[in-house]
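Residues per chain are reported as follows:
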Amino acid sequence: MSSKPHNPHDIGIDPDERTLDQHEPPTPLIDEGTRTVRPRVVRTHLSLFVRDPEASATWYQDVLDMEVTARGPQWVFLSFGKKHHDIALIRAEEAATTGGIGLQHYGLEVAGDLDNWRRLYGMLLTKGVHVVKTTDHKVGFGLYFTDPDGNRLEFFHETVTDDEEGKRILGLYGAPSEPFEIEPLYG
């Protein structure tokens with residue numbers, strides 16, 4: 001078996017993966033010391049029940065700049081452009097109602113500085129998106145808003161980039177979510 005990297009243009013091969021050396025063991029899925037099975041998460045996606053997947057897809061394309069990657073009669077898959085789907089919109093049953101049990105929010109860490117985050121705030125307001133709140137989490141700022149079905153999303157601007165420091169701060173402040181007043185930027 002060769003240890004040469006895969007050609008990133010090969011279909012179905014993640015360009016960050018590599019072929020193991022001939023006698024190199026893979027990272028274990030089971031911790032041999034405790035016999036505990038541990039997941040190795042490499043990708044995530046979110047699947048949401050919505051009233052009308054096509055109408056919701058239009059909103060996600062407009063507000064989050066996502067692209068539709070697949071669709072069927074009862075669902076639409078959307079991507080931020082780096083994988084086949086990041087969000088799946090699934091038609092809910094007719095009698096479905098928005099409730100207090102389930103997903104609280106889906107956080108989307110955004111690139112850029114605080115002014116870029118403020119521009120996203122302005123963009124949401126310009127598009128008539130319901131903004132729930134802006135918060136200071138001591139490790140970053142959260143801008144919470146809802147989609148047409150009431151699913152809560154968050155644009156997160158990280159200010160503490162060291163994970164160990166972030167854990168320390170979250171523990172010290174008790175996972176804070178303090179009101180944070182800031183003016184949106186337009187344009």
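Residues numbered from 1 in each chain as written. Predicted model: local features only at pLDDT ≥ 70, side-chain atom pairs only at ≥ 80, totals over all residues. Heavy atoms only, no water.

Details of the packing of aromatic side chains
Then step 1. Following the criterion strictly, the structure yields seven aromatic pairs and no others.
Then step 2. When the centroid spacing of 6.4 Å and the interplanar angle of 40° are considered together, the rings of W59 and F145 count as tilted. Taken together, the positions of W59 in helix α1 (residues 53–64) and F145 in strand β9 (residues 140–146) put the pair 86 residues apart, joining distant regions of the chain. Here the two residues W59 and F145 agree in accessibility, since each one is buried.
Then step 3. Stacked on the ring of Y144, the Lys or Arg K133 has its end atom at 5.0 Å from the ring centre.
Then step 4. When the ring centre of Y173 is taken as reference, the NZ or CZ atom of K138 above it lies at 5.4 Å. (Phe/Tyr/Trp six-rings, centres within 6.5 Å; stacked < 30°, edge-to-face > 60°. Helix = DSSP H or I, 4+ residues; strand = E, 2+ residues; numbered from the N terminus. Buried < 20%, exposed > 50% of the residue type's maximum accessible area, 1.4 Å probe, protein only. Lys NZ or Arg CZ within 6 Å of the ring centre and 35° of its normal.)

Quick notes on the pairing of strand β8 (residues 131–136)
Then step 1. One ladder, built from five bridges, connects β8 with β9; its direction is antiparallel. Bridge pairing in β9 links T135 to G142.
Then step 2. Taking the residues that link successive antiparallel strands as the turn, the β8-β9 hairpin has three residues, and the phi of K138 there is positive, at about 70°.
Then step 3. Pairing geometry for β8 and strand β11 (residues 178–179), over two bridges, is antiparallel. Across the sheet, D136 pairs through a bridge with E178, a residue of β11. (Pairing = 2+ DSSP bridges.)

With respect to the sheet that holds β11
Then step 1. Strand order across the open sheet formed by five strands is β7-β10-β9-β8-β11, with mixed pairing between neighbours. What marks the edges here is a single partner per strand, and that holds for β7 (106–109) and β11.
Then step 2. Relative to β9, helix α2 (residues 114–126) is tilted by about 15°, and along the sheet it contacts β8, β9 and β10 (152–158). (Contact = heavy atoms within 4.5 Å. Axes fitted to C-alpha atoms, helices over the stretch in contact; angles between N-to-C directions.)

Considering unusual backbone geometry
Then step 1. Although it is not a glycine, K138 sits at a positive phi angle of roughly 70°.
Then step 2. Residue placement: K138 occurs in the loop between β8 and β9.
Then step 3. Residue K138 is classed as partly exposed on the basis of its relative accessible area of 25%.
Then step 4. Positioned with a positive phi, A175 is a non-glycine residue whose angle comes to about 50°.
Then step 5. Looking at the element boundaries, A175 is found in the loop between α3 (163–173) and β11.

Quick word on the side chain of E154
Then step 1. As for its placement among the helices and strands, E154 is situated in strand β10.
Then step 2. For E154, the side chain forms a polar contact with the side chain of Y144, separated by 3.3 Å.
Then step 3. Setting aside chain neighbours within four positions, we find E154 in contact with H105, Y106, G107, L108, H137, G142, L143, Y144 and F145. (Polar contact = N/O pair within 3.5 Å; in protein donor to acceptor, adjacent residues only side chain to side chain.)

Thoughts on the environment of F155
Then step 1. Examined against the element boundaries, F155 turns out to sit in strand β10.
Then step 2. As for F155 and V110, which are separated by 45 residues in sequence, their C-alpha atoms are 6.2 Å apart.
Then step 3. Not counting residues up to four positions away in its chain, the partners in contact with F155 are L64, L108, V110, W117, L120, M123, L124, F141, G142, L143 and F145.

A short note on the confidence of the model for the protein chain
Then step 1. Looking at the protein chain as a whole, the pLDDT averages 85, with 84% of positions reaching at least 70.
Then step 2. Low pLDDT (under 50) marks residues 1–16, which in the prediction has 14 contacts with non-local residues, meaning those over four places away or in another chain. (pLDDT = per-residue confidence, 0-100.)

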